[in-house]
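Each chain, written out:
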Amino acid sequence: MPATTKKATKKTTATKSAAKTKAKRKRSKVKKDLVIVESPAKAHTIEKYLGRKYHVIASKGHIRDLPKSQMGVDIENDYKPKYISIRGKGDTIKELKSEAKKANKVYLASDPDREGEAIAWHVAHVLGLDEKEQNRVTFNEVTKDAVKEAFNHARTIDMDTVDAQQARRVLDRLVGYSLSPILWSKVKKGLSAGRVQSVALKLVIDREKEIKAFKPKEYWTIEAEFEKDKKFQGSFYGVKGKKTELPDNDAVQDLLKQFDKKQPFEVAKVVKREVRRQAAAPFTTSTLQQEANRRLNFRTSKTMNIAQHLYEGVSLGKEGTVGLITYMRTDSKRVSPVATAEAAKFINEEYGEAFAAKKQRHFKNQEDAQDAHEAIRPTSVYRTPKSLESVLTRDELRLYSLIWSRFVASEMTPAVFDTVRYDLVQNEVCFRASGSVMKFAGFTKVYDNRAEKNVTLPVLEEGDQVKLTKSDNKQHFTQPPARYTEASLVRALEENGVGRPSTYAPTIQNIQTRNYVKLEGRAIVPTELGEIVDGLVEQFFPDITSVDYTAKLESDLDEVEDGKKDWAAVVDQYYKPFSKELEKADSEIQKIQIKDQPAGFDCEICGAPMVIKMGRYGKFYGCSRFPDCHHTQAIVKKVGVTCPKCGQGEILEKKSKRGRKFYGCSRYPDCDFVSWDKPIARNCPNDGHFLVEKKRKDGIIVQCPNGDYKEEPQAESEAVSGQE
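Rules used throughout
Residues numbered from 1 in each chain as written. Predicted model: local features only at pLDDT ≥ 70, side-chain atom pairs only at ≥ 80, totals over all residues. Heavy atoms only, no water. Helix = DSSP H or I, 4+ residues; strand = E, 2+ residues; numbered from the N terminus. Buried < 20%, exposed > 50% of the residue type's maximum accessible area, 1.4 Å probe, protein only. Contact = heavy atoms within 4.5 Å. Axes fitted to C-alpha atoms, helices over the stretch in contact; angles between N-to-C directions. Parallel < 35°, antiparallel > 145°, perpendicular 65-115°, else oblique. Nonpolar A, V, L, I, M, F, W, Y, C, P; charged D, E, K, R; others polar. Lys, Arg positive; Asp, Glu negative; His and termini not counted. Salt bridge = Lys/Arg side-chain N within 4 Å of Asp/Glu carboxyl O. Polar contact = N/O pair within 3.5 Å; in protein donor to acceptor, adjacent residues only side chain to side chain. Patch = residues over 30% accessible without salt bridge, like charges linked within 9 Å, V, L, I, M, F, W, Y side chains within 5 Å. Areas by Shrake-Rupley, 256 points an atom, 1.4 Å probe, with all protein chains shown as cover. Charge placed at Lys NZ, Arg CZ, Asp CG, Glu CD. 1 Å grid on protein atoms, 1.4 Å probe; cavity = no way out; pocket = protein on both sides within 12 Å on 5 of 7 lines; lining within 4 Å. Points joined across faces, edges and corners; volume = space filled by probe spheres on them. UniProt positions renumbered as here; feature names shortened; annotations may be inferred. Pairing = 2+ DSSP bridges.

(A) Representation of the environment of I376 within the structure. Tracing the backbone through its elements, the reader meets I376 in the loop between helix 11 (337-350) and helix 12 (394-410). Owing to a relative accessible area of 0%, I376 belongs among the buried residues under this scheme. Residues I376 and K333, 43 residues apart in the sequence, show an inter-C-alpha distance of 8.0 Å. Once residues within four sequence positions are removed from consideration, I376 is found in contact with P282, F283, T284, T285, L288, I325, T326, Y327, M328, T330 and I403.

Listed below in structure tokens is the structure:
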């Protein structure tokens, strides 16, 4: 190449390089639009979607709140709240202010609910933004299309929604900061009481009272085996065409005299029906928490933490970071037509036309449901759980699979069953046999929360004769109502209109953290401390523990959000009667002494008697010479059984790190015996192995772990004691 050509090439390259540098500098001087979201993870995702004209940072939740050291509410001045910067948020606020100064425009894109609207308002206040400016952006899902579309519809901050959040926050502060000092002075330090948590605690304790007051009633059933070409099962129904109860063995014996077991029964009636069962609606916050607890054994707090991550975005490699589900705090069952259309297309392609619903289903919301957001669904049904196995953790995949399959099923055709019922009669005594066979799987191909089994019966016609080959008379006792689980407590709160989707998980967490309740397996059991606190609050502040009162407040907050009521007036309406109760309670509640109980053994450090003390996290053994001696021991429960493995230690009831009850030897680690089921002091008559108790819906059974021996449920009095 000639020298002149080389020089020209170098000059051209240098010119291009200089031009690029100049353009880069020019671009760096161009002011970007600033977008403020709540979560750093979401900030990263959204910045990728919006491109280089935008800079996205996170407020990391609230940046202002009421002070912890004082009430922070001016009761005499329309309950004006005193907001301060949250401790530890100084660097975040500094960054927000710095970036806002450099920005062309500031957008507030916190979550699309009351808390999110309040966060946007607080950020606007701290940054000195004009509240009338159209800078509020909300989206129901963190996907590229949804985010970009949201920026085409920026609006002003909704002050009615902010005021609804303020009303709740102020009233909760007034109640909590007024009640807690009374509990500290009258019971013990570290206690607290709040609006929603007091109702939740009362529900748990009222259920416990029902269980303790429950008196089991005896009843009997007669199960029979019939034969006509093949054997099938039937159950006693009634006499003379009417359903008849069997309250005791005498009633059973009288009935047995009315028919002859050796004589045939006639098929008096045949009822055949085609039954169509529709799929359940897609998840709301409440139903997701319930189903994740029931199916996956997830605590409500765990469900919400995982759902938050799935909503904010997960890295999918080349596709980038994508939000996998829609907003997870909602009580609406509504689904967008776009999502419905995509689901129909997917179902047609994957399962066939017969499985896709012919038109969009419209699920009815609860009366007090807010319809601001859709139901919880995948942002795209084409992101199947199988396609995400490599990018999600095990628990994330399990929860996503639950959400995905429930939504897809809700857009599918009904399951169809052929059912048949035979009324088998002799001397006016009627037995019934019922069968059901799935004719078309429909939505159950993807998701089924009932999982019925096929029960086939022989083909019979009216007038046919069938032979009774065997009958079994069984004694039963009615069962007390079950203790609440996290799932059923969420359902109870929702059904009673107490709280909102964002409050269920923290409410249940609060009553556990305060040691007002404890978990025994999945069951929520009140503690002695919880019963004391509930008793005081119910006696002196009956409105606080009233389900109707709390539900009415939720309704009033909804009216504030709709612009129909003034937030300060709502607070005043509830606080004034409460303040009068406060004065009475402070003067009338007597100091409650939680006395230490003798433990029955001496301190291994100083020799003084040990006592049972009540601590923040429950009861424990402590030295009676405290504070001179600080020795403590955990309380272990003996079950009165010698260890079946070593024959020396005693079996103790223990708890795993996850709170699940199990049984182990007192000589651990010298003896490593462990069992999830409670051992009893008897051995299996077949192989000499130790027997265990297992809980079933109809009582407690005793069985051999080897599976070759089982005793039917024990009497109800024993079963009830087993729950306590």
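After presenting the structure, the write-up continues.
(B) Summary view of the packing of helix 6 (residues 159-186) against helix 17 (residues 567-588). Relative to each other, helix 6 and helix 17 sit at 5°, their axes nearing to 9 Å. Accordingly, the angle class assigned to the pair helix 6 and helix 17 is roughly parallel. Residues D163, Q166, A167, V170, L171, L174, V175, S178, L179, I182 and K186 of helix 6 form the contact with helix 17, whose own contacting residues are W567, V571, Y574, Y575, F578, L582, A585 and D586. Here the contact of helix 6 with helix 17 is built from residues that sort into 14 nonpolar, 2 polar and 3 charged.

(C) Looking closely at the packing of helix 6 against helix 16 (residues 547-561). The contact between helix 6 and helix 16 brings their axes to 7 Å, and the two run at 150°. Taken as axis vectors, helix 6 and helix 16 run roughly antiparallel relative to one another. On helix 16, the residues touching D160, T161, D163, A164, A167, R168 and L171 of helix 6 are L553, E554, L557, V560 and E561. The residue makeup of the contact of helix 6 with helix 16, split by class, is 6 nonpolar, 1 polar and 5 charged.

(D) Representation of the side chain of D113 within the structure. Tracing the backbone shows D113 in the loop between strand 7 (106-108) and helix 4 (114-127). Although buried, D113 forms no salt bridge, and the nearest oppositely charged side chain, R329, lies 4.8 Å from it. In this structure the side chain of D113 is engaged in a polar contact, spanning 2.8 Å, whose partner is the backbone nitrogen of G116. Setting aside residues no more than four positions away along its own chain, D113 makes contact with T161, Y327, R329 and H373.

(E) View of a negative patch on the surface. Residues D74, E76, D78 and D566 make up a contiguous surface patch of negative charge. Take E76: it is sitting in the loop between strand 4 (73-74) and strand 5 (80-81). With relative accessibility at 74%, the residue E76 sits in the exposed group.

(F) Structural context of empty space enclosed by the protein. By the definition in use, this model includes 4 cavities of 30 Å³ or more. What lines the largest cavity is simply S192, A193, G194, Q197, S198, L201, Y516, V533, D534 and V537. Those elements giving two or more residues to the lining of the largest cavity turn out to be helix 7 (195-213) and helix 15 (528-540). Taken together, the residues of the lining of the largest cavity break down into 5 nonpolar, 4 polar and 1 charged. In terms of lining, the second largest cavity is formed by I36, V37, S59, L108, S110, I119, A120 and V123. For the lining of the second largest cavity, the secondary structure elements donating two or more residues are strand 1 (33-37) and helix 4. Among the elements that take part in the lining of the second largest cavity, helix 4 stands out by supplying 3 residues, more than any other. Broken down by class, the residue content of the lining of the second largest cavity amounts to 6 nonpolar, 2 polar and no charged.

(G) Summary view of the UniProt feature "active site" (unreviewed entry) in the protein chain. As recorded in UniProt, the sites labelled "active site" (unreviewed entry) are Y327. Mapping Y327 onto the fold places it in the loop between strand 13 (321-322) and helix 11. We classify Y327 as buried; its relative accessible area is 0%. Discounting residues that sit within four places of it in the chain, Y327 has contacts with D111, P112, D113, N140, Y311, H373 and I376. A distance of 2.4 Å separates polar atoms of two side chains, one belonging to Y327 and the other to D113.

(H) Quick look at the side chain of Q166. Along the chain, Q166 falls in helix 6. Taking relative accessible area as the criterion, Q166 reaches 6% and is therefore assigned buried. There is a polar contact of 2.8 Å between the side chain of Q166 and the side chain of Y83. Excluding residues within four positions of it along the chain, Q166 makes contact with P81, Y83, W121 and W567.

(I) Broad picture of the sheet that holds strand 23 (residues 637-642). Strand order in the open sheet formed by 4 strands is 23-24-25-26, with antiparallel pairing between adjacent strands. The open sheet terminates on both sides in strands that have one partner only, identified here as strand 23 and strand 26 (674-675). Two elements, strand 24 (residues 650-655) and strand 25 (residues 661-665), share 5 bridges in a ladder whose sense is antiparallel. Of the residues in strand 25, the one forming a bridge with E653 is Y663.

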